[in-house]
Amino acid sequence: MIDPDISTQDALRLLTTPDDDPRGLDRRRFLQLMGWGVGAGALAGGLGEVFAPGLMPGRLRDSWAATPIGATDGILVLVGQFGGSDGLNTVVPYTNSLYYQQHGTLAVPANQVLPLNAAVGLHPSLPYLKTLYDRGEVAVVQGVGYENPDLSHFTSMALWMYGKAGNGMPSTGWIGRWLDGMGGSELFRAATVGQGLPLHLIGDVQRGTAIPQWGVGFGGGLDEHDLWMYDAMRDFSATPAGRGPWHDAIASTMKGVIDVGQQVGPVFSRALPEGDLEKKMTVVARLINADLGLRVIDTGFDGFDTHSSQPAALIDLHGDFDAALRAFYMTLDDRFRSRVTIMTYSEFGRTSWSNDSDGTDHGTVNNHFVIGQAVKGGLYGAQPSLAGLDRWDRMDHNVDFRSMYASVLDGWMGGGASTVLGGNYPNLGLFRTGPGAGVGNGSLPVSVLGDFMGVTPFRLYDSRTLGRKIQLGAGTTGEVQVLGQGGVPLTGVTAVALNVTATGATVPSTFTVWPAGDTKPSVVNVITPASRSVPNLVIVKVGTDGRVNVANDQGNAHCVVDVVGYFRTTAANRLQSVTPYRVLDTRNGTGGRTTPIAVNSSYDVTVRGVAGVPAAADSVVVNVTAVAPTAAGYLTVWPSGQTRPNASSVNFVSGQAVPNLVIAKVGTNGKISVYNANGSTHVVVDILGYMSSTAPGRHFPLAGGRLLDTRPASGGTGPMGAASTRAVQVLGVGGVPASGVSAVALNIAAYGPTANTFITAWPNGDARPNTSNLNPRVGTDVLNLAIVKVGTTGKVQLYNQNGSVNVVVDVVGYFTA
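Residues numbered from 1 in each chain as written. Predicted model: local features only at pLDDT ≥ 70, side-chain atom pairs only at ≥ 80, totals over all residues. Heavy atoms only, no water.

Student: Lay out the packing of helix α5 (residues 127-134) against helix α11 (residues 310-331) with the relevant residues and their values.
Tutor: At their nearest, the axes of α5 and α11 sit 7 Å apart, and the two run at 55 degrees to each other. The pairing of α5 with α11 is recorded here as oblique in orientation. Contacts between α5 and α11 involve Pro127, Tyr128, Leu129 and Leu132 from the former and Phe321, Asp322, Leu325, Arg326 and Tyr329 from the latter. Of the residues that constitute the contact of α5 with α11, the class distribution is seven nonpolar, no polar and two charged. (Axes fitted to C-alpha atoms, helices over the stretch in contact; angles between N-to-C directions. Helix = DSSP H or I, 4+ residues; strand = E, 2+ residues; numbered from the N terminus. Parallel < 35°, antiparallel > 145°, perpendicular 65-115°, else oblique. Contact = heavy atoms within 4.5 Å. Nonpolar A, V, L, I, M, F, W, Y, C, P; charged D, E, K, R; others polar.)

Shown next as structure tokens:
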């Protein structure tokens, strides 16, 4: 007999089972046996239970590999709010006088509510949820409950987890039965982030997996010595050892433990937030990003059994949920945003009347949220009526919780609701589209050699205002659609020229840009200090579905991407690189100007007919530097005579010299325009080459090959000193052919400069020009793309002016001769 007044924690404990499997020494059981930590802890029965009479090696399962989800598979994230949350103080009926009468001092003041419409609004501790609602990405399901409600935590929680019509004894859960219908034996199809497996993830045949939020032990290590050990242990199962089936079975299982650990381990390789739910939801997002095949991930938190001191408790609980929701979306890769739906659940609600302890008692009705990019946002069901309720009365429900389940199963998870739930429940129509709708746009050519077409700069991506509208978290990848956008066609495009800007980073970080669908390379494309805006030109091959990826390494940072041109397979413009030539320097009158460019002002720079740029040139390759700006701001470079676009080319802070490589389409008058947004700043423009139909250089993108790294920790010979020069071999290395190359695209990074300096790159064999490619300041790491003409003996030269600085050079593309 279970105590009807059982606590939330005890009810959860009774409804959670250790994640072991009595059917055989499979991966879960062995993970626990080894203390790996993916399950619920130590085996209840010890080794005697593991080696039970019915357990034979022939029954072992060895399908360890995770299977990525399909492009149109839906992912469901369940967030339990255990204890019975107060629906009236979550979705607040702030114009209903009966609410204020019955809830008394617990009621949220109307002027603090975050209104959803003229009748209801959210608790003030849910501002990020309100932001998502305003975007149309939150369905608020009101008045959720069930017939003949039970006020025991255990019984009601069991019914919610069971999720089946009728009064049968709960022995399986609704997600577990969905897993049964899926067939197979995938380890990573459903999981809970927690210490045991809750009832709703257990089916008659299939079950989910428990993954603790603190990480994995054996098998999940990532350092060199761990990997050596794992390789040696994998070798045990390479071939039968002739020592019998038990030896081979355990060796095979050991290999599986390691393989699984290596798949899950990276999820925990970065620091996690401190808050319990925030930590769990960050792990959930990382598990989704790892693409292990997870279709359902469950987690939750308790504390909602607020019989006393409810106002302060709800401020914390709702604040925790809101922060966790933000952390989840900040961590989630863009490629999964259209494939993930979040749903909250709780065993019951609270009473409409407050009690004498500044709290509420167990109720019968609640309000829940279904959240996602494909969700048809708005209000569903109806707020429960408060009319005629006396002190101990309970509210009537309007929506059976199994209707919420049915709507998600049929509308998001592929169907089967009536079978899973044992009956037919109304579909609430919570979704605008199916999972992954809109995924895929554009096709890729077979050839990767491309001719250039310049475009007026166009903003493709801005995490502040477009698409995700939240920063990229540590290790998170943004996905940028490039084909079919900003003048870039849907077909025949080999690569795009993008200005990628990191802004508002919370800690120093780096961005890496690469084709969607490819393995992430080790090169860095943007280096940003904290709280700065730092751009870099990136020329990147177009990936799967016409997209490219941008990954942030550390902390949180916004990302802005502007397209300035593209490379195509059909004839267009090709590169003619030149020895760098200074065409504008407002400090000394070069280019016809001797004063800084003022705030909200622009200056036209003549580029055709200068430095060998012909009248037929379509675009110019220029290094543009802001020098001694009086305020933080940005420069925009675009074709003279056209409307200035909403794009930036160089982002700078007050007092610093900041360069960036720009490929700028030339206006009909033979000029490019340079606009300054804030303060005043001197501007320097160096021509490095031009694009025309008569030039030779077709572009070939490379994933990135390291040509130079002077850092001793990386095996280098040490930093470049003051006034020193270093020759770098570029032909025949890093994927660049040994001949037939006119120029190379190099990412040049400066690390740990001991003085303010500049670095120049130019063709080997030519005199060093009066130009610069990077302008490092003491103690600040910087990076810039340079397109450099190849010099004699297949080399380019690097020069450092002041102090000492470590230099790293990666080749990311080349141009044919």
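Student: Can you break down the nonpolar core residue by residue, with the values?
Tutor: Ranked by internal contacts, the top residues of the largest apolar core, which has 50 residues, are Ile288, Phe328, Tyr329 and Ile371. For this core, the element with the highest residue contribution is α11, accounting for eight residues. If you look at the next biggest cluster of nonpolar residues, it comprises 46 residues, including Ala158, Met404, Leu409 and Phe431. (Core = buried A, V, L, I, M, F, W, Y, C linked by side-chain atoms within 4.5 Å. Buried < 20%, exposed > 50% of the residue type's maximum accessible area, 1.4 Å probe, protein only.)

Student: Outline unusual backbone geometry, supporting the account with residue identities and numerical values.
Tutor: Generally, phi is negative for residues other than glycine and the peptide bonds are trans, each holding for most cases. We note that alanine 723 has phi near 55 degrees; this positive angle belongs to a residue other than glycine. Topologically, alanine 723 is positioned in the loop between β31 (699-709) and β32 (724-729). Phi at threonine 793 takes a positive value of approximately 60 degrees, unusual for a residue other than glycine. Within the fold, threonine 793 resides in the loop between β35 (782-789) and β36 (795-800). With relative accessibility at 58%, the residue threonine 793 sits in the exposed group.

Student: Report on the sheet that holds strand β28 (residues 658-665), specifying residues and quantitative values.
Tutor: In sheet architecture, strand pairing relies on hydrogen bonds along the backbone and comes in two forms, parallel and antiparallel. Pairing is antiparallel in the open sheet, where four strands are placed in the order β23-β30-β25-β28. Only two strands of the sheet have a single neighbouring strand rather than two, namely β23 (574-585) and β28. Strand-to-strand, the axes of this sheet are offset by a mean angle of 20 degrees, without reference to chain direction. Here strand β25 (residues 619-627) pairs with strand β30 (residues 682-692) via nine bridges, running antiparallel. (Pairing = 2+ DSSP bridges.)

Student: Could you give an account of the pattern of salt bridges, naming the residues involved and the relevant values?
Tutor: Throughout the structure, instances matching the rule amount to 22 salt bridges. A salt bridge links aspartate 291 to arginine 335, with the nearest nitrogen and oxygen atoms 3.9 Å apart. Of this pair, aspartate 291 sits in the loop between α10 (276-289) and β10 (296-302) while arginine 335 sits in the loop between α11 and β11 (340-345); the two residues are 44 residues apart in sequence, bridging distant segments of the chain. Given the relative accessible area of 18%, aspartate 291 is considered buried. When its relative accessible area of 29% is taken as the criterion, arginine 335 is described as partly exposed. The partner of aspartate 618 in a salt bridge is lysine 665, with the nearest N and O atoms 2.7 Å apart. Highlighted residues: aspartate 618 in the loop between β24 (601-606) and β25 and lysine 665 in strand β28, separated in sequence by 47 residues. When its relative accessible area of 13% is taken as the criterion, aspartate 618 is described as buried. (Salt bridge = Lys/Arg side-chain N within 4 Å of Asp/Glu carboxyl O.)

Student: Account for the sheet that holds strand β29 (residues 671-676), naming residues and giving values.
Tutor: Pairing is antiparallel in the open sheet, where four strands are placed in the order β24-β29-β26-β27. At either margin of the open sheet sits one strand with a lone partner, and together these are β24 and β27 (650-652). Across the sheet, the axes of successive neighbouring strands diverge by a mean angle of 20 degrees, strand direction being ignored. Two elements, strand β26 (residues 633-639) and β29, share five bridges in a ladder whose sense is antiparallel. Considered in β29, the bridge of tryptophan 638 is made with serine 673.

Student: Talk me through the pairing of strand β2 (residues 75-82); I want residue IDs and the actual numbers.
Tutor: Most of β2 is tucked away, with eight of its eight residues classed as buried. Going residue by residue along β2, you find Ile75, Val77, Val79 and Gln81 tucked away on one face and Leu76, Leu78, Gly80 and Phe82 tucked away on the opposite face as well. With six bridges joining them, β2 and β11 adopt parallel strand pairing. Residue valine 79 lies in a different strand from β11, and its bridge partner there is threonine 344.

Student: Provide a residue-level description of the side chain of threonine 351, including the pertinent values.
Tutor: One can find threonine 351 in the loop between β11 and β12 (366-372). Accessibility expressed as a relative area gives 1% for threonine 351, which makes it buried. Excluding residues that lie within four positions of it along the chain, threonine 351 makes contacts with His103, Thr360, Asp361, His362, Gly363 and Arg394.

Student: How would you explain the packing of α10 against α11 if you had to name every residue and give the values?
Tutor: For any two helices packed against each other, one specifies the crossing angle of their axes together with the interaxial distance. With their axes 8 Å apart at the nearest point, α10 and α11 run at an angle of 25 degrees to one another. Compared by their axis directions, α10 and α11 come out roughly parallel. In this structure, α10 meets α11 at a crossing whose hand is right-handed. Across the interface between the two elements, Leu277, Glu278, Met281, Thr282, Val284, Ala285, Arg286, Ile288 and Asn289 from α10 touch Asp320, Phe321, Ala323, Ala324, Ala327, Phe328 and Thr331 from α11. Broken down by class, the residue content of the contact of α10 with α11 amounts to ten nonpolar, three polar and three charged. (Left-handed = near helix turned anticlockwise from the far one by under 90°.)

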